[in-house]
Amino acid sequence: MKKKNRINELKVTLPSYSVNESAARAVVSAFTAQLNPTFDELSDIKCAVSEAVTNSIVHGYRDMIGPVVIGVKLYDDRSVRIEVKDKGRGIEDVEVAMQPLFTTDPDGERSGMGFTLIENFMDSLSVRSSPGRGTRVVMKKKLSALPVSR
Ligand SMILES: Nc1ncnc2c1ncn2[C@@H]1O[C@H](COP(=O)(O)OP(=O)(O)O)[C@@H](O)[C@H]1O
Ligand SMILES: [Mg+2]
């Protein structure tokens, strides 16, 4: 099997202001567009990024502002790897947090479906976290082959 090669990468750090959820989404979308994803593929990626970045903003840095680091890597086999990292509160039990409908939101404003949505929109999701130190979410998606003429 041919080894895949990285063809481009992006790293941005944004403070966890809530307006930066849409900024992150726009930046990742604009960067990933160079692979010519379909409309649906790009929508899926944007939603996944929104969910992960929102989590860092609302859960990771609940009562404070801190850095959210977003990394995107593009590969020549048309796969995309997106990492979202924060240095926030971290997650007590990742397995439990990833269950559908699980939420620690005290005001009941959130649905508890963020991780489930990411799992559906992307090919893979991995979450590593340590309480008090932060959370790293890695998600991957392989885009469909380009049509011969496009
Ligand atoms: N970056 C993060 N930092 C701290 N806790 C997180 C983070 N991301 C997710 N969590 C925890 O995992 C739970 C589930 O996340 P999610 O599925 O997105 O649901 P929701 O955001 O609606 O609560 C959150 O309620 C929170 O407890
Ligand atoms: Mg969420």
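For the structure itself, look to the data block above.
This section reports on the structure supplied with the text. None of the values given here were measured: they were computed from a predicted structure. (Residues numbered from 1 in each chain as written. Chains lettered and ligands numbered in written order. Predicted model: local features only at pLDDT ≥ 70, side-chain atom pairs only at ≥ 80, totals over all residues. Heavy atoms only, no water.)

## Thoughts on the site of ligand 1
No. 1: Taken together, 18 residues form the shell around ligand 1, and within it His59, Asp86, Thr103, Thr104 and Gly112 come nearest.
No. 2: The contact in question runs from an oxygen atom of ligand 1 to an N or O atom on the backbone of Ser111, over 3.3 Å.
No. 3: Here ligand 1 loses 96% of its free accessible area of 540 Å² to cover by the protein chains.
No. 4: Considering each element in turn, the shell around ligand 1 owes the most residues, 4 residues, to helix H2 (residues 39-60).
No. 5: Taken together, the residues that form the shell around ligand 1 break down as 5 nonpolar, 11 polar and 2 charged. (Near = heavy atom within 4 Å. Polar contact = N/O pair within 3.5 Å; in protein donor to acceptor, adjacent residues only side chain to side chain. Areas by Shrake-Rupley, 256 points an atom, 1.4 Å probe, with all protein chains shown as cover. Helix = DSSP H or I, 4+ residues; strand = E, 2+ residues; numbered from the N terminus. Nonpolar A, V, L, I, M, F, W, Y, C, P; charged D, E, K, R; others polar.)

## As for the sheet that holds strand E3 (residues 79-86)
No. 1: Strand order in this open sheet of 5 strands is E1-E2-E3-E5-E4, and the pairing throughout is antiparallel. Either end of the sheet is taken by a strand with one partner, and the two such strands are strand E1 (6-15) and strand E4 (124-130). In this sheet, adjacent strand axes meet at a mean angle of 10° when their direction is disregarded.
No. 2: Pairing geometry for E1 and strand E2 (residues 67-75), over 9 bridges, is antiparallel. Across the sheet, Glu9 pairs through a bridge with Lys73, a residue of E2.
No. 3: Across the sheet, helix H1 (residues 20-32) lies against E1, E2 and E3, angled at about 170° from E1, the strand it touches most. (Pairing = 2+ DSSP bridges. Axes fitted to C-alpha atoms, helices over the stretch in contact; angles between N-to-C directions. Contact = heavy atoms within 4.5 Å.)

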